[in-house]
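# Chain and residue survey
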Amino acid sequence: MSRGRRAADTSRGRGRRRRQRQHGRHRRRRRAVRGAGGDGTGAGDPRASAAGYDAATGDIIARLDADSRPGPDWVARIERAFRERDDLDFVTGDPRFYGSTPLVHWVGEHLYIGGMYTVLTPLLGHAPLFGSNMAMRAETWRTLSGEVHRDAQNIHDDFDLSFHVRPGMTVLRDRGLVVEVSARPFQDWASLRRRLSFVLPTVRLHLPQEAPHRRRQARRDAAAPTTGA
């Protein structure tokens, strides 16, 4: 075999091994993403959600509902968000409801979830986490796992986790991160009222020590540049 042929074969071999390593890393990242879902409104079981986060492996934990329909690029978009921003702790997205009438879908997307972001963002000082379409770093969960209310009843566990986001942590609302979510929670008023009734108990767990003005001040303090002596 000539020297040129050997060089070409060696180069192809190196390229093949490099592609195999890259493919292996990509597959490991995909396996690292685990779901721990609720019902489209964040009214999940806090203990079950926390157990799912605890059991997840890898660097990123992603969550959606069992009957949700993520797009083909859902995992890749989450991976890219965390890869491009080292300071990012959470990413939360939006729903596109299915399974009911156009009016119900519009109400769910614009009034229920849209209202959630509009009302709760000033309250929390950052975007709230939407449990049917969110992800976080595993190390962030390990930091907060001992603080969330795992044994509480009738609360929104994603909202509870939102309150535990520390001042120095970063939450990104990515409007392009969209998952098709079942409109089942909005099929009747009794079901919707039940889910809305979980909001105040969740808030009461965190007041007055987590009052809005205190949260916003803590986040401003954490974001302020430090000066040396």
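Below is a summary of the structure that appears in this document. (Residues numbered from 1 in each chain as written. Predicted model: local features only at pLDDT ≥ 70, side-chain atom pairs only at ≥ 80, totals over all residues. Heavy atoms only, no water.)

Taken as a whole and judged by the stated rule, the model has four aromatic pairs. On the numbers, 4.8 Å between centres and 70° between planes, the contact of Tyr-53 with Trp-141 is edge-to-face. Separated by 88 residues along the polypeptide, Tyr-53 in helix H2 (residues 46-55) and Trp-141 in helix H5 (residues 138-144) bring together distant segments of the chain. Taking relative accessible area as the criterion, Tyr-53 reaches 5% and is therefore assigned buried. Ring plane angle 35° and centroid distance 5.1 Å describe the contact between Phe-159 and Phe-163, whose orientation is recorded as tilted. Linking Phe-159 with Phe-163, this pair stays in helix H6 (residues 157-164), spanning four residues, or about one helical turn. Taken together, the ring pairs in this structure connect Phe-97, Tyr-112 and Phe-186 into an aromatic cluster. (Phe/Tyr/Trp six-rings, centres within 6.5 Å; stacked < 30°, edge-to-face > 60°. Helix = DSSP H or I, 4+ residues; strand = E, 2+ residues; numbered from the N terminus. Buried < 20%, exposed > 50% of the residue type's maximum accessible area, 1.4 Å probe, protein only.)

Okay, the pattern of salt bridges next. Tallied over the full model, the rule gives nine salt bridges. With a shortest N-O distance of 2.7 Å, Asp-174 and Arg-77 are connected by a salt bridge. Residue Asp-174 is located in strand E5 (residues 171-182), and its partner Arg-77 is located in helix H3 (residues 74-84); the two are separated by 97 residues in the primary sequence. For Arg-77, a relative accessible area of 25% gives the class partly exposed. Between Asp-94 and Arg-173 there is a salt bridge, with its nearest N and O atoms 3.0 Å apart. (Salt bridge = Lys/Arg side-chain N within 4 Å of Asp/Glu carboxyl O.)

Across the sheet, five strands lie side by side as E1-E4-E3-E5-E2; this open sheet has mixed pairing. The strands lining the two open edges of the sheet, one partner per strand, are strand E1 (60-64) and strand E2 (69-70). Taken together, the five bridges between E1 and strand E4 (residues 133-137) define a ladder with antiparallel strand orientation. Counted as the bridge partner of Ile-61 is Met-136 from E4. In this fold helix H4 (residues 102-124) packs onto strand E3 (90-98) and E5, with an angle of close to 160° to the strand it touches most, E3. (Pairing = 2+ DSSP bridges. Contact = heavy atoms within 4.5 Å. Axes fitted to C-alpha atoms, helices over the stretch in contact; angles between N-to-C directions.)

For the rest of this paragraph, the subject is the packing of H4 against H6. Following both chains from N to C, one finds H4 and H6 inclined at 30°, their axes separated by 10 Å at the closest point. What the angle tells us is that H4 and H6 run roughly parallel. In the crossing of H4 with H6, the sense of the turn from one axis to the other is right-handed. Taken together, the residues of H6 that come into contact with H4 (itself represented by Leu-120, Leu-123 and Leu-124) are Phe-159, Ser-162 and Phe-163. Looking at side-chain class alone, the contact of H4 with H6 contains five nonpolar, one polar and no charged residues. (Parallel < 35°, antiparallel > 145°, perpendicular 65-115°, else oblique. Left-handed = near helix turned anticlockwise from the far one by under 90°. Nonpolar A, V, L, I, M, F, W, Y, C, P; charged D, E, K, R; others polar.)

All right, on to the environment of Ser-145 then. Of note, Ser-145 is situated in the loop between H5 and H6. On the basis of relative accessible area, Ser-145 is assigned to the buried category, the value being 15%. Note: C-alpha distance between Ser-145 and Ala-51 (94 residues apart in sequence) is 9.7 Å. In this structure Ser-145 touches Asp-54 and Arg-150, once residues within four positions along its chain are discounted.

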